Amino acid sequence: MPAPSTPLRLVPAPRLVEERAGAPFVVTASTTVTVGTSPAEVSLGVLAAEALSRVSGTTVEVRYRDVAEPTQPGDVALRVDGSMAAEAYRLDVVTDLVEVVAGSPDGLMCGLATLHQVLRPHEGTFAAWPVHVDDEPVHAWRGLSVDVARHFFGPDDLRVVVQLMSAYKMNVLHLHLSDDQGWRLDLPSRPELAARSGGTAVDGDPGGWFTTEEFSALVAYAQARGVRVVPEIDVPGHVNAALHAYGELTPSGEPTEAYTGIEVGFSRLHADLPATEPFLRDVFGDVAAVTPGEYVHIGGDEVLTMEREEYARLVAMASDAVRAAGKQVVGWQEIATTPLEPGTVVQYWDTRMDPAPLVAAAKAGARLLMSPGSRAYLDMKYDADTALGLEWAGHIELRDAYEWEPTTLVPGLPEGSVIGVEATVWTETLRSIDDLMTMLLPRLAAVAEVAWTPKERRDWDDFAARVAGHGPYWDAEGLAWYPSPQVDWHVDLG
Ligand code: ACM
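Since the structure is predicted, the reported quantities are computational estimates derived from the model, not experimental observations.

Draft legend 1. Highlighting the overall build of the protein. When you go through the protein residue by residue, the secondary structure sums to 15 helices and 20 strands. Here the C-alpha radius of gyration of the protein, 23 Å, is about what a compact globule of 494 residues would show, namely 23 Å. With the C-alpha coordinates aligned to their principal axes, the bounding extent of the protein is approximately 75 × 50 × 45 Å. Taken across its 494 residues, the protein has 59% of its residues classed as buried. Long-range contacts, defined as pairs at least 24 residues apart, comprise 72% of the intrachain contacts of the protein with a sequence gap of at least 6. Accessible surface computed for the protein: about 18,500 Å², of which carbon and sulfur atoms make up 53%. Separation between the mean location of the 36 positive side-chain charges and that of the 72 negative ones in the protein comes to 4 Å.

Draft legend 2. Spatial organisation of the pairing of strand 15 (residues 228-235). Counting buried residues along strand 15, seven of its eight residues qualify, which places the element largely inside the surrounding structure. As paired strands, strand 15 and strand 16 (residues 295-299) are joined by two bridges and run parallel to one another. If you follow glutamate 232 over to strand 16, its bridge partner there is histidine 297.

Draft legend 3. Representation of the pairing of strand 12 (residues 172-176). A large share of strand 12 lies buried, amounting to five of its five residues. What you see with strand 12 is no split at all: Val172, His174 and His176 on one side and Leu173 and Leu175 on the other are buried throughout. Strand direction decides the pairing type here: strand 11 (residues 141-147) and strand 12, joined by five bridges, are parallel. Bridge pairing in strand 12 places glycine 143 opposite valine 172.

Draft legend 4. Expanded view of empty space enclosed by the protein. Scanning all chains against the criterion turns up one cavity of 30 Å³ or more. When its volume is computed, the largest cavity comes out at roughly 70 Å³. Considering the residues around the largest cavity, the lining is formed by Glu87, Asp106, Met109, Cys110, Arg142, Ser166, Lys169, Met170, Asn171, Arg225 and Gly226. The biggest single contributor to the lining of the largest cavity is helix 2 (residues 105-118), with three residues. Each residue belonging to the lining of the largest cavity can be placed in one class, and the counts come to three nonpolar, three polar and five charged.

Draft legend 5. Spotlight on helix 1 (residues 39-56). Here helix 1 is 18 residues long and its end C-alpha atoms lie 26 Å apart, about the 26 Å a rise of 1.5 Å per residue gives. Turning to helix 1, its buried residues are Glu41, Leu44, Gly45, Leu47, Ala48, Ala49, Ala51, Leu52, Ser53 and Ser56. In this structure, the buried residues of helix 1 make contact with strand 3 (32-35), strand 4 (61-64), strand 5 (75-80), helix 2, strand 9 (125-128) and helix 5 (212-224). Positive phi appears at glycine 57, one or two residues downstream of helix 1, with a value of about 75°.

Draft legend 6. Region of interest: the confidence of the model for the protein. Per-residue pLDDT for the protein has a mean of 96; in total, 99% of the residues score no lower than 70. Considering each helix and strand of the protein separately, the mean pLDDT is smallest for strand 8 (residues 120-122), with a value of 90, and largest for strand 12, with 99.

Draft legend 7. Representation of the packing of aromatic side chains. Per the stated rule, a full pass over the model turns up 18 aromatic pairs. When the centroid spacing of 5.4 Å and the interplanar angle of 75° are considered together, the rings of phenylalanine 152 and phenylalanine 210 count as edge-to-face. Residue phenylalanine 152 is located in the loop between strand 11 and helix 3 (155-167), and its partner phenylalanine 210 is located in the loop between helix 4 (192-197) and helix 5; the two are separated by 58 residues in the primary sequence. Centre to centre, the rings of tryptophan 332 and tryptophan 426 are 5.6 Å apart; their planes meet at 45°, and the pair counts as tilted. Here tryptophan 332 is found in strand 17 (residues 328-332), whereas its partner tryptophan 426 is found in the loop between strand 20 (418-425) and helix 12 (433-440), with 94 residues between them in sequence. On the basis of relative accessibility, which here comes to 9%, the residue tryptophan 426 falls in the buried class. Taking the ring centre of tyrosine 221 as reference, the NZ or CZ of arginine 159 above it sits at 5.4 Å. Over the ring of tyrosine 382 we find arginine 443; its NZ or CZ atom is 3.7 Å from the centre of that ring.

Draft legend 8. Structural view of the sheet that holds strand 18 (residues 345-348). Spatially, the eight strands close up into a barrel ordered 11-12-15-16-17-18-19-20, and their pairing is parallel. Averaged over all adjacent pairs, the angle separating strand axes in this sheet is 30°, with direction ignored. Bridge analysis of strand 18 against strand 19 (residues 367-370) gives four bridges, and the strand direction is parallel. Following the sheet pairing, glutamine 347 is matched in strand 19 by leucine 369. Sitting on the sheet, helix 8 (residues 308-324) is in contact with strand 15, strand 16 and strand 17, with an inclination near 165° to strand 16.

Draft legend 9. The arrangement of the pattern of salt bridges in detail. With the rule as written, the count across this model stands at 22 salt bridges. Aspartate 203 serves as the salt-bridge partner of arginine 431, at 2.7 Å between the closest nitrogen and oxygen. With arginine 431 in the loop between strand 20 and helix 12 and aspartate 203 in the loop between helix 4 and helix 5, this pair connects stretches of sequence that are 228 residues apart. Residue class for arginine 431 comes out partly exposed when judged on its relative accessible area of 41%. Judged by its relative accessible area of 54%, aspartate 203 falls in the exposed class. As a salt-bridge pair, aspartate 350 and arginine 352 come within 2.8 Å of each other at their nearest N and O atoms. What makes arginine 352 exposed here is its relative accessible area of 58%. One salt-bridge network, held together by shared partners, links Asp147, Arg150, Asp179 and Glu428.

The rules behind the values
- Residues numbered from 1 in each chain as written.
- Predicted model: local features only at pLDDT ≥ 70, side-chain atom pairs only at ≥ 80, totals over all residues.
- Heavy atoms only, no water.
- Helix = DSSP H or I, 4+ residues; strand = E, 2+ residues; numbered from the N terminus.
- Rg over C-alpha atoms; globule rule 2.2 N^0.38 Å.
- Buried < 20%, exposed > 50% of the residue type's maximum accessible area, 1.4 Å probe, protein only.
- Contact = heavy atoms within 4.5 Å.
- Areas by Shrake-Rupley, 256 points an atom, 1.4 Å probe, with all protein chains shown as cover.
- Lys, Arg positive; Asp, Glu negative; His and termini not counted.
- Charge placed at Lys NZ, Arg CZ, Asp CG, Glu CD.
- Pairing = 2+ DSSP bridges.
- 1 Å grid on protein atoms, 1.4 Å probe; cavity = no way out; pocket = protein on both sides within 12 Å on 5 of 7 lines; lining within 4 Å.
- Points joined across faces, edges and corners; volume = space filled by probe spheres on them.
- Nonpolar A, V, L, I, M, F, W, Y, C, P; charged D, E, K, R; others polar.
- Expected span 1.5 Å × (residues − 1).
- pLDDT = per-residue confidence, 0-100.
- Phe/Tyr/Trp six-rings, centres within 6.5 Å; stacked < 30°, edge-to-face > 60°.
- Lys NZ or Arg CZ within 6 Å of the ring centre and 35° of its normal.
- Axes fitted to C-alpha atoms, helices over the stretch in contact; angles between N-to-C directions.
- Salt bridge = Lys/Arg side-chain N within 4 Å of Asp/Glu carboxyl O.

Written out as structure tokens, the structure is:
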């Protein structure tokens with residue numbers, strides 16, 4: 001059986017790929033996924049078998065095995081090897097066996113994402129030609145932030161987002177759960193937040209919110225696919241939805257009007273009001289309680305009507321509440337102007353702002369997450385003709401989202417202070433999953449590669465040729481996407 005004439009088109013590019021000679025491994029009714037017996041491995045084995053069943057139209061079974069049990073012909077064997085780095089994996093395909101070995105279940109998930117990309121349609125089923133892949137990410141945090149506050153995107157939409165992230169080895173879904181226009185997570189200690197501010201959205205469009213059960217189900221769905229959820233409650237600005245729900249948070253004691261415009265910077269908490277600190281403790285305590293992951297995001301951006309000292313007090317109150325609930329703090333870049341505990345994650349976004357406080361915070365032990373507006377803000381228009389999106393950070397074509405290096409973007413950062421890369425998608429103009437996907441694809445694939453692949457292995461022309469092979473996959477999944485003119489999408493998939 002000849003090897004296919006078209007190349008593999010893996011995104012993100014692995015560190016090492018060696019295509020080898022030989023007949024392909026063909027997925028058939030006797031293909032079996034074998035996996036160890038830890039709960040995380042069992043869950044992965046089931047997902048892998050489901051995915052193989054779906055692509056091949058046959059039923060692929062799962063078998064649990066002891067460590068010592070040898071593989072058998074036809075197996076897709078998944079194995080954790082504790083001597084490897086957690087997210088490192090090796091994928092070996094030979095004619096009668098597929099082996100994925102990784103340092104952890106998360107690493108296995110990454111290996112399975114690669115396996116999915118090496119499978120090709122073949123005689124009514126799918127097959128993988130012999131290949132050896134040895135791979136490991138550069139950055140531990142490979143995120144996407146989704147604004148569910150300006151317009152609400154519920155569990156069904158976010159499950160589609162999680163599947164897409166997992167396919168590109170992205171592992172953090174950051175949810176912007178509150179803003180001036182709406183509050184999207186019901187919290188037991190503060191029921192009026194969702195009750196009074198859950199139903200609103202930009203332009204008077206329908207809102208919505210997660211019950212804690214729905215939220216926990218989404219978190220579990222994501223976790224099973226190697227994606228951690230980081231919830232954000234944005235304070236001390238972007239809080240009109242909270243002020244509309246609880247008048248005690250305003251100086252007059254009266255709730256504010258609901259807000260459905262898209263201006264920023266006008267709403268704020270007040271450090272001296274007696275209700276403020278209890279509010280922050282309750283809210284961040286409840287959010288932490290539905291967050292199995294390590295991190296909770298306190299926002300901190302665009303507080304345009306507050307003295308520095310009060311801002312710093314409010315950031316400290318929110319951070320203390322997060323830490324008291326056992327979680328680590330993430331905040332937008334502006335929090336770097338306040339005293340921070342070492343280890344705080346600071347998210348860089350506004351390339352117009354003086355980076356000196358960010359550099360100083362990093363030198364004092366903060367970790368940096370890179371989301372430069374001009375590269376990673378995937379709600380920016382592709383060009384002047386893009387119907388959706390905003391343009392305050394410029395236009396971001398696919399190549400702009402691809403050609404940048406997170407560790408050298410801000411001069412003077414200490415070695416090792418960048419923990420990762422996060423794309424964002426703000427939803428002032430985005431109302432549907434098709435709108436969301438049109439902005440994410442193909443650019444999310446570009447940012448995923450910036451986050452995963454060493455810079456020496458990244459090359460625009462090479463990426464453009466590889467990503468072209470992904471259009472048919474997005475079409476098959478029913479995902480809307482933007483056919484960037486920078487790519488020749490007319491590929492023969494062989
Ligand atoms: C932001 O874009 N305001 C973080």
